[in-house]
Amino acid sequence: MEETNMAVGNRLSEEVLNRLSKMLDNSTCGWRQLARAVSEEPRFSCSESQLTSCSLQVLSPAGSPARTLLAQLADRSCSLDFLVHCLRKVDHQEAVQYLTSTAVAEMTQITVQPQCQQATVGSRVVLTCRAAGPPGLSYQWFRGKEEVLDKSGCTPELILCPLAPDHQGHYICRVNHGEKCIFSHWARVCLVSSAGSSPDCSSSLIQASVSGLRIIHQPEAQTVSEGDSLLLVCKAEANPPAQYEWYHNRARMQEHKTSSFKIPCVTTAHRGEYRCKVFNFYHEMWSDTAGVTIGPSSITDATWVETDRGLGSPDSQEINRSTSEPAKNHLHPMASHPPPSKHFYATDKVALLIGNMNYRHYLQLGAPIADVHELTNLLRLMDFKVVSLLDLNLQEMHSAVTEFLLLLDKGVYGLLYFAGHGYENYGNSFMIPIDAPASTTSEHCLCVQNILTRMQEKETGLNVFLLDMCRRRNPHDDVLVQPGTLKVTANIVFGYATCVDAEAYEVKRENVSNGIFINFLKQRVCEDEKVTVMLDRVAEDMGRCAITRGRQALEMRSNLSERRSLTDQIQTSECSESFTARNLQWAIAHVLPPSKYLQFDGGVTVQLGFAAEFSNIMVIYSRILDQPKDIVSCSAQLTDFPLDVDVDLKTTNQETLLEAGSLLLIKDELLSPEVPSLYTRISSLQRLKRELTFTVCLHYTYSNMDDEVQERQSVTVGKPLVSKLNLHEPRPPRACSTSSSFSLDSFNIAEGITSVGASSNTWPYYGRESSTTDSLTSSRSANIPEETDSPELCNNPKPLVAGTSLSHSLS
């Protein structure tokens, strides 16, 4: 039978081979035992050097000895039947069960279809149906709806001899494998007289029966970008008329039952394999498989800009390029399959994301704002507590890292992402702050390896560093930094956006740029896979893209031996003090001021609302809620901001968020978006040394007056968001090496912190009327802003002592 000769490499998908490899990567009943078993066939015998090559795969982070052995067998045309035979020989029941049922049960394909035939009475007619698939296929023939009980009715060839009048009709063959089956085309058998064709078996009828149900337009593979529309079409000729069912990664899509399948706005969840089942009362056929690849947000159509994140000067020339090639960044379709059983948990998950753009002595960057924003949203979907900061100087970066380290504890997953300028010397990576001098050295930067050493002192469960920066050598820095000794904890993963001595690039679009690394990472980061496997797939995706090929390639370093994933669940002791303290500390850095309502002497009521774009960037919007009828024009504008923060006076009090410089917040996601507002964006809140005070200047005109009236009110809103942590102040050295046991009594909460904005889009974990732990762990909301009429922060039975800085009481 044809299925016994099905080659391993031709029919088993990459997913099946990887799953099988995991089963065989063990020493007791694994790939070595299989190698000995297949050697009974001389052409499959492996030499010592080939076995050594397999063994050495363990030195690679994602290497698999079993996968290498299976590749060698596939190259030698090993049949699936022989592979299953050898697995039975070594008594690997799990692999045998997987191959003979789950993995290949749906891979059966009919290779020879039965054909319509005309014959005379008494002659011999043979209808043939053959299928390729897993071992153990069986055949059943039917005439109409009745099974053919003849002895040949359960074989690939149905023999009708001698042909009799009652043999006329439509025949179909069902190919079975366990509980699954597929059907052949219908084939009609007609009787003809020796003088010619019978009247009821004319050529037109025969032609119709040959075609049966005929697909005249197959769905075509497509590569589209996020946000684009997707249209797949499958058309068929049939009598009775055909019905349609669409399948995505072998899962039926209940709502799609027409010949055309359309998605108006695609996301990465829509990529994969699509097929259409076409059927009527008598016939059933499957269309060709159409692979749909979701590209990284039109990256192949965008302008490619050689804006490297290395040590270029502010005067560096940008070289714009574009690609006219068709998109080549085809990603592997991801079949829908049940997630593997979980064995690892995090006691908590925290992340620090830093994006530096506005450098004083280096080329300014455009992508970090969007990169940090998008990664923030994705990490929150996986229950990470994320702080996102833009444009930090050296002191602020040091302080932010120290605060981040205070949140770590035994078993916590920690993730650090940096987008900006950087370099690498002698194997150490350095993140460059925005105030670094033109001839920068390691003393002006943060050493990533030093941070890693400090993280490991907390015995974290997983340390992930994603560095989206250049790694060229810095000719101004000859100092050999000696970071602390790393512990052998097997929990470190480095994901570099580019290779050693290479550059990282950005893709520019209309208003927002993206780093190439994030364009690919955001499509994979939420996959329920080991971190190293996920990053390997990102690297493969980048390698297939026409723009990145030969220019930028992801590099990964890891000693992660366990299958730890960013999607691992959080499992912590109920009401543990360290968990509660960690949540409280993080909450302090993400408090938005509550909405304020100002009454002016002229009878006008003004509302001030607050939304967070990042942990150190806030948008204030002013609205006129009520005004006397005799006032014909009225507006409330904000002015007199402190010099500590950055406010672009040209973009204050704008009618749209975009005009105010906020590219990421969406007006419709604010409460009451229909009420006209004026928007002002405030950045660099980490430099705020005192409470934020500004002036609301009300301008209005009466119907019977030409002169404009002005009223002013001073408003103080405390220290919003990350400003409470006083990142501008130096931290005691090695603050992270203190004891990791937290106590609520050790907290000094900054003055005036009595409520938390439930809607700070930079931190969605607070402001719900529930216990602190519940409210801080339940939210999985997206990065959207809302107004901040806030309930109380928490109802904690332990007293919180008023003070000026949370961080100093912990260090």
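Structural data are supplied above this passage.
Just so it is clear, the structure is predicted and the values come from calculations on it, not from any experiment.

What counts, and where the lines are drawn
- Residues numbered from 1 in each chain as written.
- Predicted model: local features only at pLDDT ≥ 70, side-chain atom pairs only at ≥ 80, totals over all residues.
- Heavy atoms only, no water.
- Helix = DSSP H or I, 4+ residues; strand = E, 2+ residues; numbered from the N terminus.
- Buried < 20%, exposed > 50% of the residue type's maximum accessible area, 1.4 Å probe, protein only.
- Contact = heavy atoms within 4.5 Å.
- Areas by Shrake-Rupley, 256 points an atom, 1.4 Å probe, with all protein chains shown as cover.
- Phe/Tyr/Trp six-rings, centres within 6.5 Å; stacked < 30°, edge-to-face > 60°.
- Lys NZ or Arg CZ within 6 Å of the ring centre and 35° of its normal.
- Pairing = 2+ DSSP bridges.
- Axes fitted to C-alpha atoms, helices over the stretch in contact; angles between N-to-C directions.
- Polar contact = N/O pair within 3.5 Å; in protein donor to acceptor, adjacent residues only side chain to side chain.
- Salt bridge = Lys/Arg side-chain N within 4 Å of Asp/Glu carboxyl O.

> Run through the overall build of the chain, naming residues and quoting values.
Per the secondary structure count, the chain includes 16 helices and 42 strands. Taken across its 811 residues, the chain has 54% of its residues classed as buried. Residue pairs in contact within the chain that sit at least 24 positions apart in sequence constitute 74% of those at least 6 positions apart. For the chain, the exposed surface amounts to about 35,100 Å²; the carbon and sulfur share of it is 49%.

> Now, about the environment of Y702: what can you tell me, with residues and values included?
Here Y702 shows up in strand β39 (residues 693–702). For Y702, a relative accessible area of 19% puts it in the buried group. Separated by 73 residues in the primary sequence, Y702 and K629 have C-alpha atoms spaced 8.9 Å apart. Other than its neighbours up to four places away in sequence, Y702 contacts G602, D630, I631, V632 and V709.

> I'd like a rundown of the packing of aromatic side chains, residues and numbers included.
Taken as a whole and assessed by the stated rule, the structure comprises eleven aromatic pairs. Consider the rings of F44 and F82, whose centres lie 5.2 Å apart with planes at 35°: the pair is tilted. Of the two residues, F44 is situated in the loop between α3 (31–38) and α4 (48–55) and F82 in helix α6 (residues 80–89); the sequence distance between them amounts to 38 residues. You'll find F44 and F82 in the same group, each marked buried. Relative to Y362, the ring of Y359 lies with its centre 6.1 Å away and its plane at 85°, an arrangement referred to as edge-to-face. Neither residue differs from the other here; Y359 and Y362 are each classed as buried. If you follow K277 out to its NZ or CZ, it ends over the ring of F279, 5.4 Å from the centre. Sitting over the ring of Y496, R471 keeps its end group 3.6 Å from the ring centre.

> Explain the sheet that holds strand β40 (residues 709–716) to me, using residue names and the numbers behind them.
Within the open sheet, the three strands sit side by side as β37-β39-β40. Their pairing is antiparallel. Among the strands making up the open sheet, the edge pair consists of β37 (631–639) and β40. Going across the sheet, the axis of each strand differs from the next one's by a mean of 20°, ignoring polarity. Pairing of β37 with β39 involves eight bridges; the strand directions are antiparallel. Opposite S635, over in β39, you have H699 as the bridge partner.

> How would you summarise the pairing of strand β18 (residues 272–279) if you had to cite specific residues and measurements?
Counting buried residues in β18 gives six out of eight residues, a clear majority hidden from the surface. Where strand β15 (residues 243–248) and β18 come together, six bridges link them in antiparallel fashion. Note that in β18 the partner of H248 across the bridge is Y274. Taking the residues between adjacent antiparallel strands as the criterion, β18 and strand β19 (residues 284–286) are bridged by four residues.

> Could you give an account of the side chain of D568, with specific residues and numbers?
Residue placement: D568 occurs in the loop between β33 (555–558) and α14 (577–588). A polar side-chain atom of D568 sits 2.9 Å from the main-chain amide nitrogen of S565.

> Could you give an account of the environment of K650, naming the residues involved and the relevant values?
On the secondary structure map, K650 appears in the loop between β37 and β38 (677–682). On a C-alpha basis, the gap between K650 and G661 in space is 9.8 Å, while along the polypeptide they are eleven residues apart.

> Tell me about unusual backbone geometry, and please be specific about residues and values.
With glycine set apart, most residues show a phi of negative sign, and most peptide bonds adopt trans. P162 follows C161 through a cis peptide bond whose omega is -5°. Mapped onto the elements of the fold, P162 is located in the loop between β7 (157–160) and β8 (169–177). Phi is positive for D391, close to 55°, though the residue is something other than glycine. Summarising the element assignment, D391 is placed in the loop between β24 (385–390) and α10 (394–406). Of note, the phi angle at N726 is positive, near 50°, even though the residue is not glycine. Within the fold, N726 resides in the loop between β40 and β41 (748–750). Look at N726 and you get buried, because its relative accessible area is 5%.

> Any chance you could break down the pattern of salt bridges for me, citing the residues and the numbers?
Throughout the structure, instances matching the rule amount to 24 salt bridges. Between D348 and K385 there is a salt bridge, with its nearest N and O atoms 2.8 Å apart. In this pair, D348 sits in the loop between β22 (320–321) and β23 (349–355) while K385 sits in strand β24, placing the two residues 37 residues apart along the sequence. K385 matches D348 in its accessibility class, with the two residues each being buried. Between D541 and R524 there is a salt bridge, and its shortest N-O distance comes to 2.8 Å. Taken together, the residues span a long stretch of sequence, with D541 in helix α13 (residues 531–544) and R524 in the loop between α12 (516–521) and α13 at a distance of 17 residues. For D541, a relative accessible area of 1% gives the class buried.

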